[in-house]
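Here's the letter readout for the chains.
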Amino acid sequence: MIPNMNYRNLKESYLFYNIAQKTNTYLEAHPGTHLYRMGIGDVSLPLCDAVIQKLHEAVEDQAHKTTFHGYMPECGDMELRRTIAAYYHKRGVNISNEEVFVSSGASDELGDILDLFGKEKTVLIMEPAYPAYVDANVIAGNTVIHIPAGEENGFVPDPDPGIAADVIYICSPNNPTGAVFSRTALQAWVDYANKMNAVILFDAAYEAFIEEDEIPHSIFEIPEARTCAIEICSLSKTAGFTGTRCGYTVIPKELSRGGMNLNQMWVRNRTTKTNGVSYIIQKGAVAVFTEEGQRQIRHGIEIYKKNGACLMEALDRLGIWYCGGKNAPYIWMKCPNGMGSWEFFDYLLNEIQVVGTPGEGFGACGEGYFRFSTFGSPEDTKEAARRLELLLQK
Ligand code: PLP
């Protein structure tokens, strides 16, 4: 038996391993020191009360013969699918319940969805990027074309009509840069995808952080996206579901390639490969979209946004270039004095005990940049921003 040899083509990911090594070495040399961890991609606030209450009720349902639920529908409980479709309608996006698929989170979907495309596809990945995009495609044996982004385009690259692709990844608001695609920028990618017969995988994991009215939350706000796009979303960052696990994927019924309908193909895929997301978790997810749930999760997002504001104010006073922060829980700053991203990592760790994420870990064009996450505690973020400002003023 020869296994999937594509695994040999995966590059070792040293990013989080190296960060852990360096911080552990520092702590061994300086026992008891408090580190200000501004690198984490996980949330720090607990689930909101509305969700917790529903989860408790759903657990109780499972204790009684009359309310017990066994297998759930593979594509998602209709109540949750309807609720999510209604969430889109509120923003003027018409999707039907059958176009919403409930998932266990965006990471799972970003890997699984490649089943729709078959073998040996060419995929465009705009970098710096969430590392799982590249790795999932390497495992699938696809050819990855890396599209570098930079300050010159605000980390929002335009399509190049000279490059052909089957699949295009767009992440807006972006991890790691926090940059967002405007309506015009997204329209250009939608037009390109329709012309090339390609499919856009739109990662909207951070849509709830958008605060500027004119920035699209969904690719389906763009005309003609229904014939070329799939949207993958998650409750992880929106509602603190990183450990609870629930997300959703939207595949329009108009999306067809090679005479095959991708919505129908995904129904077939789900009914073959999953037995659905747990009843309890889906009940909790419905609570996220109620009026009270929305009010409560907004409160959590506001706390993260205040963290972002605190870091951005420090960078503004220092006159350092950055993007993100406003519509995203990430701030992407240029390392000062031409420092490399690992050099800057060491400098912050050793001088002010602040830990961030070196930009180089998200693709070669991330070298010279640094990511701060706003998911930490307000106290730590405030102190990290104060220390950063003092250090870089020198
Ligand atoms: N997409 C992006 C851009 C992310 O940053 C993350 C998590 O950090 C995910 C997807 C994965 O989210 P989930 O927790 O739903 O798997």
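Each remark here, short or long, concerns the structure printed above.
Summarised in this report is the structure supplied together with it. Bear in mind the structure is a predicted one, so any value in this text is a computation, not a measurement.

Here's the deal with the overall build of the protein
- In terms of helices and strands, the protein carries twelve helices and 15 strands.
- Computed over the C-alpha atoms, the radius of gyration of the protein is 21 Å, within 12% of the 21 Å expected from 2.2 N^0.38 for a compact globule of 394 residues.
- Its C-alpha atoms put the protein at 60 × 55 × 50 Å along the principal axes.
- Taking the contacts inside the protein whose residues are at least 6 apart along the sequence as the reference set, 73% of them involve residues at least 24 apart.
- Accessible surface, the protein as shown: approximately 17,600 Å² in total, 52% of it carbon and sulfur.
- Each charge class in the protein can be summarised by its mean position, and for the 35 positive and 49 negative side chains these summaries are 3 Å apart.

Points about the nonpolar core
- One finds Ile168, Ile200, Phe241 and Phe372 to be the most contacted residues of the largest nonpolar core, which totals 92 residues.
- Shared between two domains, this core takes at least three residues from each, and those domains are domain 1 (12-41 + 293-393) and domain 2 (50-290).
- Residues in contact with Ile168, not counting those within four places in the same chain, are Leu124, Met126, Trp189, Tyr192, Ala193, Ala198, Val199, Ile200 and Leu201.
- Among the nonpolar cores identified, the runner-up in size contains 27 residues, and Cys75, Leu110, Tyr133 and Leu262 belong to it.

Quick look at helix H8 (residues 262-273)
- Taking 1.5 Å per residue, twelve residues should reach 16 Å; H8 reaches 16 Å between its end C-alpha atoms and fits that length.
- Of the residues making up H8, those classed as buried are Leu262, Asn263, Trp266, Asn269 and Arg270. Summarising the axial view, the buried residues of H8 lie within an arc of 115°, below the 170-degree limit, and thus occupy one face. When the buried face of H8 is taken as reference, the exposed residues oriented beyond 90 degrees from it are Arg268 and Thr272.
- Residues of H8 that are buried make contact with strand E2 (100-103), helix H4 (106-112), strand E6 (199-203), strand E7 (229-234), strand E9 (256-257) and strand E10 (260-261).
- Where H8 begins, the capping side chain belongs to Asn261, and its oxygen is found 3.0 Å from the backbone nitrogen of Asn263.

Structural notes on the environment of Pro336
- Position of Pro336 relative to the elements: it lies in the loop between strand E12 (330-334) and helix H11 (341-352).
- On a C-alpha basis, the gap between Pro336 and Glu383 in space is 20 Å, while along the polypeptide they are 47 residues apart.
- Look past the residues within four positions of Pro336 in its chain and what remains in contact with it is Phe344 and Leu392.

Considering empty space enclosed by the protein
- The full count for this structure, using the stated rule, is two cavities of 30 Å³ or more.
- In this structure, the largest cavity encloses a volume near 100 Å³.
- Lining the largest cavity are 15 residues, and of these Met126, Glu127, Pro128, Cys171 and Asn174 sit closest to its centre.
- Elements supplying a minimum of two residues to the lining of the largest cavity: strand E3 (122-127) and strand E5 (167-171).
- For the lining of the largest cavity, the class distribution of residues is twelve nonpolar, two polar and one charged.
- If you add up the space inside the second largest cavity, you get close to 30 Å³.
- A class-by-class count of the residues in the lining of the second largest cavity yields four nonpolar, three polar and one charged.

Thresholds applied
- Residues numbered from 1 in each chain as written.
- Predicted model: local features only at pLDDT ≥ 70, side-chain atom pairs only at ≥ 80, totals over all residues.
- Heavy atoms only, no water.
- Helix = DSSP H or I, 4+ residues; strand = E, 2+ residues; numbered from the N terminus.
- Rg over C-alpha atoms; globule rule 2.2 N^0.38 Å.
- Contact = heavy atoms within 4.5 Å.
- Areas by Shrake-Rupley, 256 points an atom, 1.4 Å probe, with all protein chains shown as cover.
- Lys, Arg positive; Asp, Glu negative; His and termini not counted.
- Charge placed at Lys NZ, Arg CZ, Asp CG, Glu CD.
- Core = buried A, V, L, I, M, F, W, Y, C linked by side-chain atoms within 4.5 Å.
- Buried < 20%, exposed > 50% of the residue type's maximum accessible area, 1.4 Å probe, protein only.
- Domains from an automatic or database assignment.
- Expected span 1.5 Å × (residues − 1).
- Arc of directions from axis to C-beta.
- Polar contact = N/O pair within 3.5 Å; in protein donor to acceptor, adjacent residues only side chain to side chain.
- 1 Å grid on protein atoms, 1.4 Å probe; cavity = no way out; pocket = protein on both sides within 12 Å on 5 of 7 lines; lining within 4 Å.
- Points joined across faces, edges and corners; volume = space filled by probe spheres on them.
- Nonpolar A, V, L, I, M, F, W, Y, C, P; charged D, E, K, R; others polar.

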